[in-house]
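Next come the chains, spelled out residue by residue.
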Amino acid sequence: MTELKVEEKILSANDRLALENRARLDRAGVHAINLMASPGAGKTSLILRTLAATRGRCTLGVIEGDLASRVDADKVLAAGAPAVQINTGGGCHLDAVMLGRALDELDLEAIDLLLIENVGNLVCPTQFALGEHRRVLVASVPEGHDKPIKYPSSFLDMDAIVLNKIDLAPYVDFDYAAFERAVRAVNPTAPLFPLSCRTGEGVAAWVTWLLEGMQKA
Amino acid sequence: MHELPITQSVLEIVSRHAAAAGAARVTAIHLVVGEFTGFVPDSIQFYFDLLSQDTPAAGATLVIDRRPGSVRCARCGHTYQPTDGQIWMCPVCAALGGEVLAGKELFVESIEVAYTDDRTQGGREDPERQ
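First, a word on what this report is: a plain description of the structure on this page. (Residues numbered from 1 in each chain as written. Chains lettered and ligands numbered in written order. Predicted model: local features only at pLDDT ≥ 70, side-chain atom pairs only at ≥ 80, totals over all residues. Heavy atoms only, no water.)

Tallying secondary structure elements over chain A gives eight helices and eight strands in all. The C-alpha radius of gyration of chain A comes to 17 Å, within 12% of the 17 Å expected for a compact globule of 217 residues. C-alpha atoms of chain A, sized along the principal axes, occupy 65 × 45 × 35 Å. Per-residue burial over chain A gives 56% buried out of 217 residues. For chain A, the proportion of contacts with a sequence separation of at least 24, taken over those separated by at least 6, is 73%. Positive and negative side-chain charges in chain A, numbering 22 and 28 respectively, have mean positions lying 2 Å apart. (Helix = DSSP H or I, 4+ residues; strand = E, 2+ residues; numbered from the N terminus. Rg over C-alpha atoms; globule rule 2.2 N^0.38 Å. Buried < 20%, exposed > 50% of the residue type's maximum accessible area, 1.4 Å probe, protein only. Contact = heavy atoms within 4.5 Å. Lys, Arg positive; Asp, Glu negative; His and termini not counted. Charge placed at Lys NZ, Arg CZ, Asp CG, Glu CD.)

As structure tokens, then:
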């Protein structure tokens, strides 16, 4: 019996393809954001709000990842932005191959900001790089303030954390200070954006962060 | 849930290294899986047994080295293992969080191979013969 050293990252193939996607986005001058969240946290609502708030300031494209259907892509198209739907057919996350295929279908020269809505799942998407420039986790008030304690790895490597549905705070037992404390324990630096896609409160700060990051890139 | 693509990737890596070494079959695979990756070793084994059928890695033993998470306190520098389901807090100075030193690992460390296919029918190696 012979032992052979391998020392190869299990996701190295995905990571390589993610770098190719990233290079392609950079060539086209597109800044890409990977949006991750539980199902129902409001990723699509955030995209629609962002679309409305950035109109005239940047041109947005959207990639929608879901297990099935094109409900989300149709909403974005109806709101006037180019959108590509990826159906993973049961897969719990997007990967770099899927993103590469979706990029084929988008006119990258026509956009400068790409929002990628990952499959609704707080665990799996965080492990798979797509080629994005920044990673954003969307949490929401009804999910409870203890999510960062239950799912630390989901908050760990995020560049920003959005807390959606703050308009529901009076109706549920959500302790904002406890949430912020739990986020800070795993991620001391990512900006935190409490907002409501329903009322629009807090959306401006999020949009400012998005646009400022594009200029730096 | 995502153990399936992970296991496919493991099999691809293992097959490539075994073929490059001219090995006839793979008898063991050593994986390092960090606690923060969220991968479930039992599921990896389950998928591996399915996917490796009819490959040189069929019947190989998966040895998973599960690395606990380790965090270095940003305030006092003490290194500690966060307790699952509790806020990350330094047990020495009570500061929150810190720098993750370990727990994100996810790689194939090594494989054990044989250069002749002396497998008897039925797969797994008889431990008495080693």
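Of the residues lining the interface, 28 residues belong to chain A; the matching set on chain B comes to 37 residues. For the chain A and chain B pair, buried surface summed over both sides reaches about 2,900 Å², with 66% attributable to carbon and sulfur atoms. Sorting the residues of chain A by area buried against chain B places Met1(A), Leu4(A) and Ile10(A) first, and these three jointly supply 25% of that buried surface. Connecting chain A to chain B are two salt bridges. Across the pair Asp157(A) and Lys104(B) runs a salt bridge, and its minimum N-O distance is 2.9 Å. Counting every contact that joins chain A to chain B gives 14 residue pairs in polar contact (both at pLDDT 80 or more). At the level of secondary structure, the elements contributing two or more residues to the side of chain A that touches chain B comprise strand E1 (2–9), helix H6 (152–156) and helix H7 (176–186) of chain A. A class-by-class count of the residues in the side of chain A that touches chain B yields 15 nonpolar, six polar and seven charged. Sheet analysis places E1(A) next to strand E6 (residues 106–114) of chain B, joined by six bridges and oriented antiparallel. Residue Lys5(A) lies in a different strand from E6(B), and its bridge partner there is Ser110(B). (Buried area = accessible area lost by both parts, 1.4 Å probe. Salt bridge = Lys/Arg side-chain N within 4 Å of Asp/Glu carboxyl O. Polar contact = N/O pair within 3.5 Å; in protein donor to acceptor, adjacent residues only side chain to side chain. Nonpolar A, V, L, I, M, F, W, Y, C, P; charged D, E, K, R; others polar. Pairing = 2+ DSSP bridges.)

This part takes up the pairing of strand E4 (residues 83–87) of chain A. Residue and element names in this part refer to chain A. Across the five residues that make up E4, a large majority, four, are buried. Here strand E3 (residues 60–66) runs beside E4; their pairing, made up of five bridges, is parallel. In the sheet register, Asp66 faces E4, and the bridge partner there is Asn87. Note that the unit made of E3, helix H3 (residues 71–78) and E4 has a crossover that is right-handed. (Right-handed = clockwise from strand over helix to strand, strands pointing away.)

This part takes up H3(A). Residue pairs three or four apart in sequence face the same way in an α-helix, which turns once every 3.6 residues. Residues and elements named next belong to chain A. Among all positions in H3, only Asp72, Ala73 and Val76 are buried. With its buried residues spanning 100° around the axis, H3 presents them on a single face. Those residues of H3 that are buried are in contact with helix H2 (43–54), E3, E4 and strand E5 (113–117). Once H3 finishes, Gly80 follows within two positions and takes phi at roughly 100°, a positive value. (Arc of directions from axis to C-beta.)

Here the focus is the nonpolar core. By size, the foremost hydrophobic cluster in this structure holds 30 residues, and its most contacted members are Leu35(A), Leu46(A), Leu113(A), Val136(A), Val162(A) and Trp206(A). For this core, the elements supplying multiple residues, two or more each, are strand E2 (31–37), H2, E3, H3, E5, strand E6 (134–140), strand E7 (160–164) and helix H8 (203–216) of chain A. Top element by residues in this core is H8(A). It accounts for seven residues. If we ignore the near neighbours within four places in the chain, the residues touching Val162(A) are Leu46(A), Val136(A), Leu137(A), Val138(A), Ala139(A), Phe193(A), Leu195(A) and Trp206(A). Grouped together as the second largest cluster of nonpolar side chains are 27 residues, Leu137(A), Ala139(A), Leu163(A) and Val71(B) included. (Core = buried A, V, L, I, M, F, W, Y, C linked by side-chain atoms within 4.5 Å.)

Let us now look at the sheet that holds E2(A). Residue and element names in this part refer to chain A. Reading across the sheet, the seven strands line up as E4-E3-E5-E2-E6-E7-E8 and stay open at both edges, with parallel pairing between neighbours. Each of the sheet's edge strands pairs with one partner strand only, and the pair in question is E4 and strand E8 (192–194). With direction set aside, neighbouring strand axes in the sheet form an average angle of 20°. Here five bridges tie E3 to E5, and the two strands are oriented parallel to one another. Considered in E5, the bridge of Ile63 is made with Ile116. Strands in contact with H3 are E3, E4 and E5; relative to E4, the strand with the most contacts, it is inclined by about 180°. (Axes fitted to C-alpha atoms, helices over the stretch in contact; angles between N-to-C directions.)

So, about the pattern of salt bridges. Opposite charge on two side chains lets them pair, provided their charged atoms get close. With the rule as written, the count across this model stands at 13 salt bridges over all chains. Notably, a salt bridge pairs Asp104(A) with Arg24(A), separated by 2.6 Å at the nearest N-O pair. In this pair, Asp104(A) is assigned in helix H4 (residues 96–104) and Arg24(A) in helix H1 (residues 12–27), connecting sequence segments 80 residues apart. According to the relative accessible area criterion, Asp104(A) is exposed, its value standing at 54%. Asp65(B) is the salt-bridge partner of Arg67(B), the closest N and O atoms lying 2.9 Å from each other. Here Arg67(B) falls in the partly exposed class, since its relative accessible area comes to 27%.

A few words on the packing of helix H1 (residues 3–20) of chain B against helix H2 (residues 41–51) of chain B. Residue and element names in this part refer to chain B. Across the interface, H1 lies against H2 with an axial gap of 9 Å and an inter-helix angle of 55°. Taken together, the axis directions place H1 and H2 in an arrangement best described as oblique. Seen from above, H1 lies across H2 with right-handed handedness. Across the interface between the two elements, Glu3, Leu4, Ile6, Thr7, Gln8 and Leu11 from H1 touch Ser43, Ile44, Tyr47, Phe48 and Leu51 from H2. The residue inventory of the contact of H1 with H2, partitioned by class, reads seven nonpolar, three polar and one charged. (Parallel < 35°, antiparallel > 145°, perpendicular 65-115°, else oblique. Left-handed = near helix turned anticlockwise from the far one by under 90°.)

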